[in-house]
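# Examination of the molecular architecture
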Amino acid sequence: MNSWLRKYQQNGGLVARLAETLLMLGYTLFTFSPLAWVFTMSLKDTATIRNSPYSIPLDPRWANYTDVWFTSNYSQYFINSGYAVGLAIAILIVVGAMAAYAFARMPFRGSEFIFMAIFASIMLPAQVLLIPLFQLLVKYSLINTLTGLALVYVAVQLPMAIYILRSFFAQIPRELAEAARMDGCGEWKIFWKIMMPIATPAISTILIVNFVALWNEFIFAVIFIQDESKRTLPLGVMKFVGDVYEDLGHMAAGLVISIIPVLLLYVFFSEKFIKGMSAGAVKG
Amino acid sequence: MDNENGFFGRLGTRLTLAAMVLFTACAAAPAAAAEKITMWSHWADEQNKKDFVMEAVKRFKDKNPGFDVEVVWYQKPQLITALTTSFQAGSGPDIFYLEPAITGAFPPFVDNGFMYDIGKQVDALIEPWAYPFAKKGNMTYLLPLEAYMPVLYYNKDIFKRAGVTLPADGKVDTDAFKDIVAKTKAAGVTPFSAGTMDRDWAGSLVTESVLLRFIGQDKWQNIPTGKTAWTDPDVVAGLKYIEDLVKAGAYSQGVSSIKLGESHGLFFGGKYAMFPMRTFFGGRAFVPVEKGGMAPDFPLGIMDFPVVKGGKANDLTYMQVGGSYGVSAKSKNPAKAAELIALMGTPDMAAMWMDKVKGQTGVKADATAANDPYFKMLGDATKGLKPLPGPMELGMDSSYRDVFYKTSTALVAGHMNADAMVKQMEEARAKVKK
Amino acid sequence: MKSVWKNRKRLRAINTAALFLTPALLFYALFIVFPLLQSLVFGFFKVDILGGEATYHFVGLDNYRAVIDDTVFWQAAKNTLVWAITSPFLEIPVGLLLALYLQRGTRLTKFMRVLWFMPVLLPQIVVGIIWAWIYNSEWGALNQILKTIGLESWMRAWLGHPDTALPALIVVTTWTWIGFNMIILLAAVSSIPKDLLEAARLDGATRVQVLRRVIIPLIRPVIANLMILCFIGKMKVFDLIWATTQGGPMWSTETVATYTVKRAFYWNTFEKGYPSAMATTWFVIIMAISLLITRAMQKKDTLEY
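### Structural notes on the overall build of chain C
Across its full length, chain C carries 12 helices and 2 strands. Computed over C-alpha atoms, the radius of gyration of chain C comes to 25 Å, more than 25% over the 19 Å expected from 2.2 N^0.38 for 305 residues, which places it beyond the range of a compact globule. Here chain C, with 305 residues, has 55% of them falling under the buried criterion. Expressed as a percentage of contacts within chain C between residues at least 6 apart in sequence, the contacts between residues at least 24 apart total 66%.

Structure below.
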């Protein structure tokens, strides 16, 4: 009890502490209430929502969820997103790690310049590349394919991945590679058998950051994918919303369905998500 | 390897990726050998029009057992983007919804060689007045299924409550119309329901019809070409009239944040007195209430736009072909696709269109709809009106049209007054290549 | 003899490096450099698509001149920059305050951290739809709350008025990204040695003084990084606008991204030269701004091994 009180006083007294708690509660409400509201909406039907949009559904219509799942194409959208994102991340990690290792451990004249050039493309907003990339994908028959989309994702996410991995590889003591070379290992083997396993934390970071970014990616997907059967999740949500239009209850259920997988993953792996996202921007 | 990162380690990724690839491979396994016709259409949220189209699809499948038809429904903006990108990519559906090239609402597919001539299958089905919209040169590129014109729907109960009585001939002059707006406002409702969030033309409906009556046919038809100046006194008078209506509270301030479907629903909900809308209104009105439709006992009335005292254009309105279907030039089964479209245009299907959707059509129909109360009301409201090709922005180039839509919306939302709109439209007009 | 051996080693080193770098360089060249150049070149042409084939007519600087005259483009550029410049000043200070609060490390704050980070994970399409409902002028939560607390005069169509639409959307991106900044700042603040803070407190510094004189200077590199990330991120906003206002009302939420997509893939022409000229012009503007920013941050060391 005493230590509790002491902590209180250290932090500015009762009033300040109370104000602080209120503010934090307020912020929590601000952050969370939109999501809570959609959830309550998803358990009502449209008429009820229009009449009393904020009431707690005493008679929850779980049927909204089954309706949406079976009449919409959500399962296909999840699969499509999974393929595009999975492929993109796999290629990204391999290609990015190789390049990052070269920049970190095999410097040559001009390597710094090349790295800066690649890194500079982080500044490029999608719209600058949109039209020519569209033409490119058309030319190589990659338009309207999830593979083509995944390749675009790789190119766009490479700079950040290389940046993160380069910092990481640079920290690995040179003696490790030296020792392996003494044993007669070639560079390629050193890279795959020694460096990559050590880089797992950085890879894990890249995996999580890109998963979140690409799972929700929209502008490239909406221009490069036209077939219904190939829609990724964000595209699917847009279409779904257009289909049910005035049916607010089903619309809300559809929205909740679209975010549940990521939220569930997050709830179980929250530490990893948070550490992953923050590892990229904090050094030392 | 280390397990410190749990499922998200490299092994986890590789497993997930492998699973996904397997999934997709299975999903992409070739379907049965039936031939397929793909169809992309608007009207994702208009159930009666969907039912109509699916009836035609059913008839086609009955006649052609070896064919499968896949219909994908879109909202119009998404449809336009999907069509544009897929045609430029060299792919696209066999059949698709489009609106006549002349309106500029859709990209000029026919001008760019993307359409297949369906004249053989549908020429005999089209109403003569609709030919100009369906043909380009010698080619018939679409079936003009939906036709529309602008009218003012109103709520009879609200009018009664507000003490509004319409003259016997239904022609309300501009002053009387202002009076209606004032009376309905005093009765505690918003006079006009309108929403431009997902359709930028919806704010210009009253403006363009009013302008037609103020400035007459010649000047109205020369607005898109850039010949008619916005500083013309008749144009200014028309815009100032709209400004007066807006100042009297005719529109809700939230016009730009209401969607088209929502604006229908708000009118059906009974808190709005009038609803300026084109006659494809039926697609959203005559569906079950749970889907956003109008209650069957809704006190619907239809009236014409106000007339100008001493005006020379009081008997003019416009008519246009709306939702239509065409066949892609790249289709693998163009003749069969055309056959499907032709099935939509048989006289009995056209009659079904009018009955189910309560909409007008550019296809010859059995004259069975004459006794429908809705069509009677529509006929009465538009009696004696001569339709020009419209709407007003027909033929405007994209930037000019964009400015027109945006400024009309701003005018009715109260963000802009008539003089500001004139100024901005004049600036845009200067850029039009005449 | 030694120099030959050294040269061979160097050659081997360059070869190996080349091997490792090639895939990445291929991606970079094919998907970034080549398209950029193509965008630049297209800008000098009128590019029409006829029946699936592209036809090119050289028009010199006409497209670029038209871009300069294009009021919508400049409005969109202005909106994008307003978004990108104001957001760091909203997201980062709030993120820092939250991070300082979370630093306590109690069970409650651990739970808050998980909760407050959630918005970052949601697709902006979904976020947009939800917030469009909140901002709905008829039955949306914001207006209802204002009504309940007696501020009825403040009720309005938030997304329907050119003056409030952009700020309303900026609130949404802020809502989304505060959590991201907060997490990173939390890690940064946690890495400050505790004795430093203790020492300052013992010297009698108030919490505010500790913040200003000790904490902020120590995490300045992180803050700078976040500001840049935030700026870049807001230049890319598209989904949110597409799902809500589509650039309206009166172009008040039009960004270069939405306008480019409209010109290239939505308006009733298939012409690609003009939107390419627009994209290239925007690219030049961004490069100029980035150069200014990096010049201003020159003293900061971006790489710490």
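### Brief notes about the overall build of chain B
Looking only at helices and strands, chain B has 16 helices and 13 strands in total. Considered along the principal axes of its C-alpha atoms, chain B spans approximately 80 × 65 × 50 Å. Evaluated residue by residue, chain B yields a buried proportion of 61% over its 434 residues. Long-range pairs, those at least 24 residues apart, make up 76% of the contacts in chain B between residues at least 6 apart in sequence. Accessible surface, chain B as shown: approximately 16,500 Å² in total, 57% of it carbon and sulfur. Across chain B, the mean location of the 49 positive side-chain charges is 1 Å away from that of the 47 negative side-chain charges.

### Comments concerning the side chain of C:Thr245
One can find C:Thr245 in the loop between helix H10 (239–243) and helix H11 (256–265). Each residue touching C:Thr245, except ones within four places of it in the same chain, is listed here: B:Met197, C:Leu159, C:Leu169 and C:Thr253.

### Points about the confidence of the model for chain B
Residues and elements named next belong to chain B. Per-residue confidence for chain B gives a mean pLDDT of 88; residues scoring 70 or more make up 91%. Long-range and interchain partners of residues 1–8, a stretch whose pLDDT sits below 50, account for 19 contacts in this model, where long-range means more than four residues apart. Within the model, the stretch residues 26–32 combines pLDDT values under 50 with 0 contacts to residues more than four positions away or in other chains.

### With respect to the environment of A:Trp215
Residue and element names in this part refer to chain A. Summarising the element assignment, Trp-215 is placed in helix H11 (residues 200–215). In sequence terms Trp-215 and Thr-205 are 10 residues apart; their C-alpha atoms lie 15 Å from each other. Among residues more than four places away in sequence, those in contact with Trp-215 are Phe-78, Ser-81, Gly-82, Val-85, Asn-210, Leu-233, Pro-234 and Val-262.

### With respect to the pairing of strand E1 (residues 35–41) of chain B
All names here are of chain B. Where burial is concerned, most of E1 is hidden: 5 out of the 7 residues are buried. The pairing of E1 with strand E2 (residues 67–73) spans 7 bridges and is parallel. Across the sheet, Lys-36 pairs through a bridge with Asp-68, a residue of E2. Note on the crossover from E1 through helix H2 (residues 47–63) to E2: the handedness is right-handed. Where E1 and strand E3 (residues 95–98) come together, 2 bridges link them in parallel fashion. The partner of Trp-40 across the bridge, within E3, is Phe-96.

### A word on the domain arrangement of chain B
Residues and elements named next belong to chain B. With domains assigned, chain B is organised as domain 1 (35–146 + 322–365) and domain 2 (148–319 + 377–429). Taken over C-alpha atoms, the centre of domain 1 sits 29 Å from the centre of domain 2. Taken together, the two surfaces of domain 1 and domain 2 that pack against each other cover about 1,600 Å², and 54% of this comes from carbon and sulfur. Linking domain 1 with domain 2 are 2 salt bridges, by the criterion used here. Across the pair Glu-46 and Arg-284 runs a salt bridge, and its minimum N-O distance is 3.4 Å. Of all elements in the fold, only H2, helix H3 (76–88) and helix H13 (347–357) reach the threshold of two or more residues within the side of domain 1 that touches domain 2. Sorting elements by how many residues they give to the side of domain 1 that touches domain 2 places H2 first, with 3 residues. Classifying every residue of the side of domain 1 that touches domain 2 gives 6 nonpolar, 9 polar and 7 charged.

### Some details on the packing of aromatic side chains
Residues and elements named next belong to chain B. Taken as a whole and judged by the stated rule, the model has 74 aromatic pairs over all chains. Ring geometry for Phe-286 against Tyr-374: centres 5.2 Å apart, planes inclined by 80°, an arrangement best described as edge-to-face. With a gap of 88 residues between them, Phe-286 in the loop between helix H11 (282–285) and strand E10 (300–303) and Tyr-374 in helix H14 (residues 373–381) connect regions that are remote in the sequence. On the basis of relative accessible area, Phe-286 is assigned to the partly exposed category, the value being 25%.

### Thoughts on the sheet that holds E1(B)
Residues and elements named next belong to chain B. If you trace the 4 strands from one edge of the open sheet to the other, you get E2-E1-E3-E12, paired in mixed fashion. If you trace the sheet from one side to the other, it starts and ends with E2 and strand E12 (324–327), each paired once. Pairs of neighbouring strands in the sheet enclose a mean axial angle of 25°, with direction left out of account. Where E3 lies against E12, 4 bridges are found, and the strand directions are antiparallel. Looking at E12, one finds that Phe-96 is bridged to Gly-326. Here H2 sits on the sheet in contact with E1, E2 and E12, set at roughly 170° to E2.

Reading the values: rules and limits
- All residue numbers refer to position in the chain's written sequence, counted from 1.
- Starting at A for chains and at 1 for ligands, labels are handed out in the order in which the entities are written.
- Totals for whole chains, interfaces and linings use every residue, but because this is a predicted model, local features are given only for residues with pLDDT of at least 70 and side-chain atom pairs only at 80 or more, for both listing and counting.
- Remark: hydrogens and water are excluded; side-chain values derive from all non-hydrogen atoms of the structure.
- For helices the rule is a DSSP run of H or I covering at least 4 residues; for strands it is a run of E covering at least 2, with both sets numbered from the N terminus onward.
- C-alpha atoms define the radius of gyration, and 2.2 Å times the number of residues to the power 0.38 defines the globule rule.
- For every residue, the accessible area (1.4 Å probe, protein chains only) is compared with the maximum for its type, and the residue is labelled buried under 20%, exposed over 50%, or partly exposed between those bounds.
- Should any heavy atoms of two residues lie within 4.5 Å, those residues are counted as being in contact.
- Under the convention used here, a 1.4 Å probe and the Shrake-Rupley method define accessible areas, while residue burial counts only the protein chains that appear.
- Charge counting follows a simple rule: Lys and Arg are positive, Asp and Glu are negative, and His as well as the terminal groups are ignored.
- By convention, the charge on Lys lies at NZ, on Arg at CZ, on Asp at CG and on Glu at CD.
- Per residue, pLDDT measures the predictor's confidence, with a range of 0 to 100.
- Pairing between two strands requires that DSSP report at least two bridges joining them.
- The handedness rule is simple: strands pointing away from the viewer, and a clockwise path from the first strand over the helix to the second, make the crossover right-handed.
- By convention here, the domain bounds are inherited from an automatic or database domain assignment.
- Buried area adds together the accessible area that both of two parts lose upon being put together, with accessible area traced by a 1.4 Å probe.
- For salt bridges, the criterion is a side-chain nitrogen of Lys or Arg within 4 Å of an Asp or Glu carboxyl oxygen.
- Lys, Arg, Asp and Glu make up the charged group, whereas Ala, Val, Leu, Ile, Met, Phe, Trp, Tyr, Cys and Pro make up the nonpolar group; the residues left over, Gly among them, are polar.
- Pairing of aromatic side chains here covers Phe, Tyr and the six-membered ring of Trp, requires ring centres within 6.5 Å, and sorts the geometry by plane angle: under 30 degrees stacked, over 60 edge-to-face, intermediate tilted.
- Between N-to-C directions, angles span 0 to 180 degrees; the directions come from axes that are lines fitted to C-alpha atoms, helices contributing only their stretch in contact.

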